[in-house]
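The primary structure of each chain is shown beneath.
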Amino acid sequence: MSKILVEVCCGSADDVIEAYKAGADRVELNSNLFHGGLTPTIGSLLVAKRKTGMKIMTMVRPREGGFCYTDTEF
């Protein structure tokens, strides 16, 4: 039987650290979860990596309001 992986959606470096302590296998780091999740700061990512050593996926979304972007936004 395969191991079930636990992935946690995190809104800050602190969330990543707590997920790591709780035994999460991987995390997705975001910011501004209230608006559906935005790209986290590089600082948040660096702190989370330094404190946990986990593989961290990040949300790549520069603004709220969906995933339809204008030519200028691209």
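About the criteria used
- Residue numbers restart at each chain and count upward from 1, following the sequence in its written direction.
- Only residues with pLDDT of 70 or above have their local features reported here, since the model is predicted, and side-chain atom pairs are shown and tallied only from 80 upward, although totals for entire chains, interfaces and linings are computed over all residues.
- Computation of side-chain values covers all heavy atoms of the structure but excludes hydrogens and water.
- Two strands are counted as paired when DSSP detects at least two bridges linking them.
- Only DSSP runs of H or I reaching four residues or more are called helices, and only runs of E reaching two or more are called strands; each is numbered from the N terminus.
- Geometry is summarised by axes, namely lines fitted to C-alpha atoms with helices restricted to the contacting stretch, and by angles between N-to-C directions that run from 0 to 180 degrees.
- Contacts between residues were defined by any pair of non-hydrogen atoms, one from each residue, lying within 4.5 Å.

Draft legend 1. Structural view of the sheet that holds strand β2 (residues 26-29). Read across the open sheet, the three strands follow the order β1-β2-β3; overall the sheet is parallel. Two strands close off the open sheet at either side, each with one partner strand: β1 (7-10) and β3 (56-58). Across the sheet, the axes of successive neighbouring strands diverge by a mean angle of 25°, strand direction being ignored. When β1 meets β2, the two strands line up parallel, connected through four bridges. Each bridged residue has a counterpart across the sheet, and for V8 the counterpart in β2 is V27. Contacting β2 and β3, helix α2 (residues 42-52) crosses the sheet at an angle of about 165° to β3.

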